[in-house]
Amino acid sequence: GPGRLPAVAGEEGPVEGGPPDHSYSLSSGTTSEELLRKLNEQRDIIALLEVKMKEMKGSIRRLRLAEAQLREEIREKDRLLHAASAGTRKRHGL
């Protein structure tokens, strides 16, 4: 915002009154150990997200199979109802 001084190359840490430190923001004084730690944290997050995505894909596959089975059951019941209804109409001369 206004009144904040720009960061100077080589300055240690964020500018006073600057934005809070986010996992994706780096100050110019970030050490290689901090960079490595942040990189490993991001890798861990990505690995967790990949696992969750695989789980979700499996769930979607199972839901699609269940949906197909249910649709087939509905079609079969509709055929049976239609056949029973047609048989009733014939017996009563309708």
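A quick note: this is a predicted structure, and the numbers were derived from the prediction, not measured.

**Some remarks on the overall build of the protein**
- The secondary structure content of the protein amounts to 1 helix and 0 strands.
- Buried positions account for 2% of the 94 residues belonging to the protein.

**Here we look at a positive patch on the surface**
- Together, Lys54, Lys57, Arg61 and Arg62 give the surface a local cluster of positive charge.
- Here Arg62 is to be found in helix H1 (residues 32–91).
- By relative accessible area, which is 55% here, Arg62 ends up exposed.

**Quick notes on the pattern of salt bridges**
- All chains considered together, the criterion is met by 6 salt bridges.
- Between Glu67 and Arg71 there is a salt bridge whose closest N-O contact spans 3.0 Å. Here Glu67 and its partner Arg71 are both found in helix H1, 4 residues apart, which amounts to about one turn of the helix.
- One network of salt bridges, in which partners are shared, links Glu72, Arg75, Glu76 and Arg79.

**Concerning the environment of Arg79**
- By the element assignment, Arg79 lies in helix H1.
- Here Glu72 takes part through its side chain, which lies 3.3 Å from a polar atom of the side chain of Arg79.
- In this structure the side chain of Arg79 is engaged in a polar contact, spanning 2.7 Å, whose partner is the side chain of Glu76.

Rules behind the numbers
Residues numbered from 1 in each chain as written. Predicted model: local features only at pLDDT ≥ 70, side-chain atom pairs only at ≥ 80, totals over all residues. Heavy atoms only, no water. Helix = DSSP H or I, 4+ residues; strand = E, 2+ residues; numbered from the N terminus. Buried < 20%, exposed > 50% of the residue type's maximum accessible area, 1.4 Å probe, protein only. Patch = residues over 30% accessible without salt bridge, like charges linked within 9 Å, V, L, I, M, F, W, Y side chains within 5 Å. Areas by Shrake-Rupley, 256 points an atom, 1.4 Å probe, with all protein chains shown as cover. Salt bridge = Lys/Arg side-chain N within 4 Å of Asp/Glu carboxyl O. Lys, Arg positive; Asp, Glu negative; His and termini not counted. Charge placed at Lys NZ, Arg CZ, Asp CG, Glu CD. Polar contact = N/O pair within 3.5 Å; in protein donor to acceptor, adjacent residues only side chain to side chain.

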